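Chains, contacts and geometry: an overview
Below, each chain spelled out in residue letters.
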Amino acid sequence: VQLQASGGGLVQPGGSLRLSCAASGGTVSSYDMAWFRQAPGKEREFVAAIRRSGGYTYYADSVKGRFTISRDNTMNTVYLQMNSLKPEDSAVYYCAADRGILSTLRRADVHDYWGQGTLVTVSS
């Protein structure tokens, strides 16, 4: 499966953005999906994930209550709605897909496929 992330941009603190991760060559309903981010000089970190079955969601503590991950199987797309953005949310955001079963989705190394990343900058 190929993943295409989009929706990044420049936003003021307190603003919102919605990232999209469109899949081709496969269906998002067949994978557990996740978002990660990487800021300059920092390691890639887990942001959010959603299971293919049951729709269970998981969030990093730093984004809980502000970000929402969702999937639209008819559009073959996973979304990350980001509200109340802070400067520390600035990073390149990557979507990822895991074909395994009940993997620890917070771990980057369990994911089999990655999108190219989309840049989010939160600044006044």
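Structure report, in brief. (Residues numbered from 1 in each chain as written. Predicted model: local features only at pLDDT ≥ 70, side-chain atom pairs only at ≥ 80, totals over all residues. Heavy atoms only, no water.)

**Some thoughts on the pattern of salt bridges**
For the structure shown, the criterion picks out eight salt bridges. The residue R37 makes a salt bridge to D89 at a minimum N-O spacing of 2.9 Å. Placement of R37 in strand 4 (residues 32-38) and of D89 in the loop between strand 8 (77-82) and strand 9 (91-98) is noted, with a sequence separation of 52 residues between them. Taking relative accessible area as the criterion, R37 reaches 5% and is therefore assigned buried. Take D89: its relative accessible area is 1%, and that puts it in the buried class. In this structure, R107 and D109 form a salt bridge, with 2.8 Å as the shortest nitrogen-oxygen distance. By relative accessible area, which is 44% here, R107 ends up partly exposed. Taking the relative accessible area as the measure of exposure, D109 reaches 56% and is therefore exposed. Via salt bridges that share partners, R37, E45, R66 and D89 belong to a single interconnected network. (Salt bridge = Lys/Arg side-chain N within 4 Å of Asp/Glu carboxyl O. Helix = DSSP H or I, 4+ residues; strand = E, 2+ residues; numbered from the N terminus. Buried < 20%, exposed > 50% of the residue type's maximum accessible area, 1.4 Å probe, protein only.)

**Looking at the pairing of strand 1 (residues 2-6)**
Of the two faces of strand 1, only one is covered, namely that formed by L3 and A5; the face formed by Q2, Q4 and S6 stays uncovered. Bridge count between strand 1 and strand 3 (residues 17-24): five bridges; the pairing is antiparallel. In the sheet register, S6 faces strand 3, and the bridge partner there is S20. (Pairing = 2+ DSSP bridges.)

**Some thoughts on the nonpolar core**
What tends to happen in soluble globular proteins is that the nonpolar side chains get buried as a cluster. Formed by 37 residues in total, the largest nonpolar core has its most connected members in M33, W35, L80, M82 and Y93. Every element with two or more residues in this core is listed here: strand 1, strand 3, strand 4, strand 5 (45-50), strand 7 (67-72), strand 8, strand 9 and strand 11 (118-122). The residues contacting M33, other than those within four sequence positions of it, are L3, C21, V28, A48, A49, I50, I69, R71, V78, A96 and A97. (Core = buried A, V, L, I, M, F, W, Y, C linked by side-chain atoms within 4.5 Å. Contact = heavy atoms within 4.5 Å.)

**Some thoughts on the side chain of T118**
In this fold, T118 is placed in strand 11. A polar side-chain atom of T118 sits 3.0 Å from the main-chain amide nitrogen of G8. Residue contacts for T118: discarding those within four places in its chain leaves A5, S6, G7, G8, L19, A91, V92 and Y93. (Polar contact = N/O pair within 3.5 Å; in protein donor to acceptor, adjacent residues only side chain to side chain.)

**What about the side chain of D32?**
Summarising the element assignment, D32 is placed in strand 4. A polar atom in the side chain of D32 sits 2.7 Å from the backbone nitrogen of R52. Discounting chain neighbours no more than four positions away, the residues touching D32 are I50, R51, R52, A96, A97, D98, G100, L102 and L105.

**Here we look at the state of the cysteines**
Evaluation of the coordinates by the stated rule reveals one disulfide. Covalent S-S linkage joins C21 and C95, the inter-sulfur distance amounting to 2.2 Å. Judged by the sign of its S-S torsion, about 70 degrees, the cystine formed by C21 and C95 is right-handed. Of this pair, C21 sits in strand 3 while C95 sits in strand 9; the two residues are 74 residues apart in sequence, bridging distant segments of the chain. The same class applies to C21 as to C95, namely buried. (Disulfide = S-S within 2.5 Å.)

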